[in-house]
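# Geometric and topological summary
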Amino acid sequence: MANERTLSIIKPDAVAKNVIGEIYTRFEKAGLNIVAAKMMHLTQEQAEGFYAEHKERPFFNDLVAFMTSGPAVVQVLEGEGAILKNRDLMGATNPKEAEAGTIRADFAASIDANAVHGSDSAASAEREIAYFFNDSEICPRG
Ligand code: RTP
Ligand code: MG
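Note that the structure is predicted; figures quoted are calculated from it, not measured. (Residues numbered from 1 in each chain as written. Chains lettered and ligands numbered in written order. Predicted model: local features only at pLDDT ≥ 70, side-chain atom pairs only at ≥ 80, totals over all residues. Heavy atoms only, no water.)

## Some thoughts on the pattern of salt bridges
When their charged atoms lie close together, side chains carrying opposite charge are able to pair. How we decide: Any carboxyl oxygen of Asp or Glu within 4 Å of a side-chain nitrogen of Lys or Arg constitutes a salt bridge here. For helices the rule is a DSSP run of H or I covering at least 4 residues; for strands it is a run of E covering at least 2, with both sets numbered from the N terminus onward. Each residue is assigned to one of three classes by its accessible area relative to the maximum for its type, calculated with a 1.4 Å probe on protein chains only: buried under 20%, partly exposed between the two thresholds, exposed over 50%.
For the structure on display, the rule yields 3 salt bridges. Note that Arg5 is salt-bridged to Glu78, the shortest N-O span being 2.7 Å. Of this pair, Arg5 sits in strand β1 (residues 3-10) while Glu78 sits in strand β3 (residues 72-80), placing them 73 residues apart in sequence. A salt bridge links Arg26 to Asp106, with the shortest nitrogen-to-oxygen separation between them at 2.8 Å. With Arg26 in helix α2 (residues 20-29) and Asp106 in helix α6 (residues 103-107), this pair connects stretches of sequence that are 80 residues apart. Residue Arg26 is classed as partly exposed on the basis of its relative accessible area of 23%. Overall, Asp106 belongs to the partly exposed group, its relative accessible area being 39%.

Here it is as structure tokens:
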């Protein structure tokens, strides 16, 4: 499988629970390298732009309110099959349906406060990484 990059966000609920380190450990143990990272309290405009594909969905306003409710940690993960690997580590969108041992099963409280985001395709990953990071902020391993 190809070496890929994906955009990950530790959402405000997980930051508030103090589990940034536990989530980073899962990425690292799965062989994903954190090649860029920053903590950000997203503005309304940043959250709306990031989730623009969901603009017409009934949950859009709640999603934007949640994503701007506190600081988040945004990172680029790199590794073999990183996009799918990260989605597997995250588990299903609704933590009630997430497989045991996944990040959402272990740390998420609800479908709204669901601990993490991960790009869902190569095209999303490219857009989402560029949304938050310049090339100069990404530091691949030598
Ligand atoms: P994400 O984009 O945050 O990684 O999550 P996802 O791919 O698993 O889910 P997506 O369909 O992209 O939805 C984005 C976020 O919107 C909230 N959502 N609520 N109430 C609902 O039916 C509903 N559906 C989605 C979730 O917080 C989801 O993470
Ligand atoms: Mg999504």
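## Here's the deal with the site of ligand 1
Under the convention used in this document: Throughout this document, a residue counts as near a molecule or strand when at least one of its heavy atoms sits within 4 Å of that molecule or strand. Nitrogen and oxygen atoms within 3.5 Å of one another constitute a polar contact, given that in protein one can donate a hydrogen and the other can accept it, and given that sequence-neighbouring residues count only through two side-chain atoms. Only the protein chains shown count as cover for residues, and all accessible areas are computed by the Shrake-Rupley method using a 1.4 Å probe.
Not every one of the 14 residues close to ligand 1 is listed here, only the nearest: Lys11, Tyr51, Thr93, Ile111 and His117. Residue Lys11 places a side-chain N or O atom 2.8 Å away from an oxygen atom belonging to ligand 1. Within the complex, 80% of the 560 Å² of free accessible area of ligand 1 lies under protein. Those elements that place two or more of their residues in the shell around ligand 1 are α5 (82-90) and β4 (116-118).

## What to know about the nonpolar core
Operational definition: Residue types Ala, Val, Leu, Ile, Met, Phe, Trp, Tyr and Cys, when buried and joined through side-chain atoms within 4.5 Å, form a set referred to as a nonpolar core. Residue contacts follow a heavy-atom distance rule, with two residues in contact if any of their heavy atoms lie within 4.5 Å.
Leu7, Ile9, Met67, Val74, Val76, Phe132 and Phe133 are the most contacted members of the largest nonpolar core, which totals 22 residues. Of all elements in the fold, only β1, β2 (33-40), α3 (44-50), α4 (60-67), β3 and α7 (122-132) reach the threshold of two or more residues within this core. Per-element accounting of this core gives the leading share, 5 residues, to α4. Apart from the residues within four sequence positions on either side, Ile9 is in contact with Phe50, Met67, Ala72, Val73, Val74, Gln75, Ala115, Val116, His117 and Phe132. Ranked by size, the runner-up nonpolar core spans 18 residues in total, among them Val15, Phe107, Ala108 and Ala115.

## Topic: the UniProt feature "binding site: ATP" (unreviewed entry) in the chain
Put simply, the rule reads: UniProt positions are given in the numbering used here, feature names are shortened, and annotations may be inferred rather than shown by experiment.
When the UniProt feature table is mapped to this numbering, "binding site: ATP" (unreviewed entry) covers Lys11, Phe59, Arg87, Thr93, Arg104 and Asn114. Relative to the helices and strands, Asn114 is located in the loop between α6 and β4. By relative accessible area, Asn114 is classed as buried at 2%. Among residues more than four places away in sequence, those in contact with Asn114 are Lys11, Asp13, Thr93, Pro95, Arg104 and Ala108.

## Notes on the sheet that holds β1
Definition in use: For two strands to count as paired, DSSP must find a minimum of two bridges between them. Whenever a helix is involved, its axis is fitted only over the stretch in contact; in every case the axis is a line through C-alpha atoms, and angles between N-to-C directions fall within 0 to 180 degrees.
If you trace the 4 strands from one edge of the open sheet to the other, you get β2-β3-β1-β4, paired in antiparallel fashion. If you trace the sheet from one side to the other, it starts and ends with β2 and β4, each paired once. Taken pair by pair, the neighbouring strands of this sheet meet at an average axis angle of 20°, ignoring direction. α5 rests against β1, β3 and β4 of the sheet, and its axis sits at about 35° to β1.

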